[in-house]
Each structure stands twice: as structure tokens, then as C-alpha cells.
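# Fold and contact review
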Amino acid sequence: MAILATHSCRRPTATCETGKRLLLHATVTGPDSRDMDTNTKRPVLRIRIVFGDEEMIGPGKAELLERIDRCGSIAAAGREMSMSYKRAWQLIGTLNAMFREPLVDSTRGGPGGGGAVLTETGRRVLALYRAFEADAAAAGAARLNDMQALLRDIPDGR
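Each residue is numbered by its place in its chain's sequence as written, counting from 1. Two thresholds apply to this predicted model, a pLDDT of at least 70 for residue-level local features and 80 or more for giving and counting side-chain atom pairs, whereas whole-chain, interface and lining totals are computed over all residues. To get the side-chain values, all heavy atoms of the structure are used, and hydrogens and water are removed first.

Another point: the overall build of the protein chain. Each helix corresponds to a stretch of at least 4 residues labelled H or I by DSSP, and each strand to a stretch of at least 2 residues labelled E; elements are numbered beginning at the N terminus. Within the protein chain, the regular secondary structure consists of four helices and six strands. When the elements of the protein chain are put in sequence order from the N terminus, they spell out β-β-β-β-α-α-α-β-β-α. Taking all contacts inside the protein chain whose residues are at least 6 apart in sequence as the whole, residues at least 24 apart take part in 42%. In this analysis, two residues are considered to be in contact whenever any of their non-hydrogen atoms come within 4.5 Å of each other.

Here you go:
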């Protein structure tokens, strides 16, 4: 699958094995939360894969899944991302509805406490997304380096 450069009024697309068309958005931005301790001058690809009007996965949802996996809680993961409890639940609801099987399994709070875990499907989707990111970064590294070489030097690091 390739990310296609197209005219600005057309979105790049690819077709997956099932024949469903995917819209691919790739933006080069500053460092994301996973790269905060690295060189801020290095371009970072932020990939969003759009399956339909409301069906997409990108860096924010992937990070939320990773934090749920680490924290064992949707609320705690959302707090770490400065995201409201409601918004975190909405994103997980969207992800769970997108796929044939839920990505996150949650239990209500109470005397034993609640929690959330990634399902096997959730782990698989997250791994596939991160692999796609790595593939895109590797494939585009030379062009990103060429583009970075054309950037203006910014005085005082601003």
C-alpha cells in the first residue's frame, strides 16, 4: 500500500485486501508525545487512516489504546492525555464499533473497582497501525530528510 501524492482537491486513496477504499492522510508535524525527548527538528509522520466518514484511526486513538493497555483504565488513560472522561469513552466507543470485535473490554467500577483491557483484536489493530507508521516513516525517510534540508533556520530555537 502506498501513500499517493495527489492534487489538493483529491484525497489520496488505497484499496485494502477486502476491496474497501481507504483514505490516507499523512502530515509532517513536530514531535508527538512519543517523541518528546528527541530532537525537535526531526520531522515526524502522523498517520491517520480513514476507513469512512466516521471511521478512522490515527495517532490520538493509538496513543489512547496504548495508555489503556498500560493503565488498565479508560479514565486514567484519558487523564494522562488531558482528555475528558466522556471524550475518552466516546473514542473507545467509536473504535469498538468500527471493528468486527471490540478493541477494549471494560468493566464497571464498584467494590472490586472497574477497569479496561485491550482485547486480542485491540492489540492486533494497534500493532498493525504502529507497523504502518514505521513502514511509512522508513519509506519516506529520504524525502523527509530532503524536505528538512530545505527548512529555514529558526533563530533562538522558536
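There's more to say after this.
Put simply, a salt bridge is a Lys or Arg side-chain nitrogen that is within 4 Å of an Asp or Glu carboxyl oxygen. Tallied over the entire structure, the rule returns six salt bridges. A salt bridge links E63 to R67; the nearest nitrogen and oxygen atoms lie 2.7 Å apart. Here E63 pairs with R67, and both are found in helix α1 (residues 59-71), just four residues apart, close to one helical turn. Among the salt bridges present, the one from R130 reaches E133, with a minimum N-O distance of 2.7 Å. In this pair, R130 and E133 both sit in helix α4 (residues 120-149), three residues apart, roughly one turn of the helix. Of the two residues, R130 and E133, both sit in the buried class. Connected via shared salt-bridge partners are E63, R67, R70 and E80. The buried label applies to any residue whose accessible area, calculated with a 1.4 Å probe on protein chains only, is under 20% of its type's maximum; exposed applies above 50%, and partly exposed to all values in between.

Glancing now at the packing of aromatic side chains. Ring geometry is summarised as follows: Phe, Tyr and Trp rings, the Trp one being its six-membered ring, pair when their centres sit within 6.5 Å, and such pairs are stacked at plane angles under 30 degrees, edge-to-face over 60 and tilted between the two. Tallied over the entire structure, the rule returns two aromatic pairs. Both rings, one in Y85 and one in W89, keep their centres 6.2 Å apart while their planes meet at 65 degrees; by these two values the pair is edge-to-face. Of this pair, Y85 and W89 both sit in helix α3 (residues 85-98), four residues apart, which is roughly one turn of the helix. Given the relative accessible area of 52%, Y85 is considered exposed. For W89, a relative accessible area of 34% translates into the label partly exposed.

Once that is clear, we can look at the confidence of the model for the protein chain. Scored by pLDDT, the protein chain comes out at a mean of 79, with 69% of its residues at no less than 70. Per residue, pLDDT captures the predictor's confidence, and it can take any value from 0 to 100. The low-confidence segment residues 1-21 (pLDDT under 50) makes 32 contacts with residues lying over four places distant or belonging to another chain. Between residues 27-39, whose pLDDT stays under 50, and residues either more than four places distant or in other chains, the model counts 23 contacts.

Attention now goes to the packing of α1 against α3. At their nearest, the axes of α1 and α3 sit 11 Å apart, and the two run at 100 degrees to each other. Relative to α3, α1 is oriented roughly perpendicular. Where α1 abuts α3, its residues K61, L64, L65 and I68 lie against A88, L91, I92, T94 and L95. Residues are grouped as follows: Ala, Val, Leu, Ile, Met, Phe, Trp, Tyr, Cys and Pro are nonpolar; Asp, Glu, Lys and Arg are charged; every other residue, Gly included, is polar. Classifying every residue of the contact of α1 with α3 by side-chain character gives seven nonpolar, one polar and one charged. Fitted lines through C-alpha atoms give the axes, limited to the stretch in contact for helices. The angle between two N-to-C directions lies from 0 to 180 degrees. An angle below 35 degrees is read as roughly parallel, one above 145 as roughly antiparallel, one from 65 to 115 as roughly perpendicular, and any other as oblique.

For S82, which is not glycine, the phi dihedral falls at a positive 55 degrees. Assignment of secondary structure puts S82 in the loop between α2 (74-80) and α3. Under the relative-accessibility criterion, S82 is labelled exposed at 73%.

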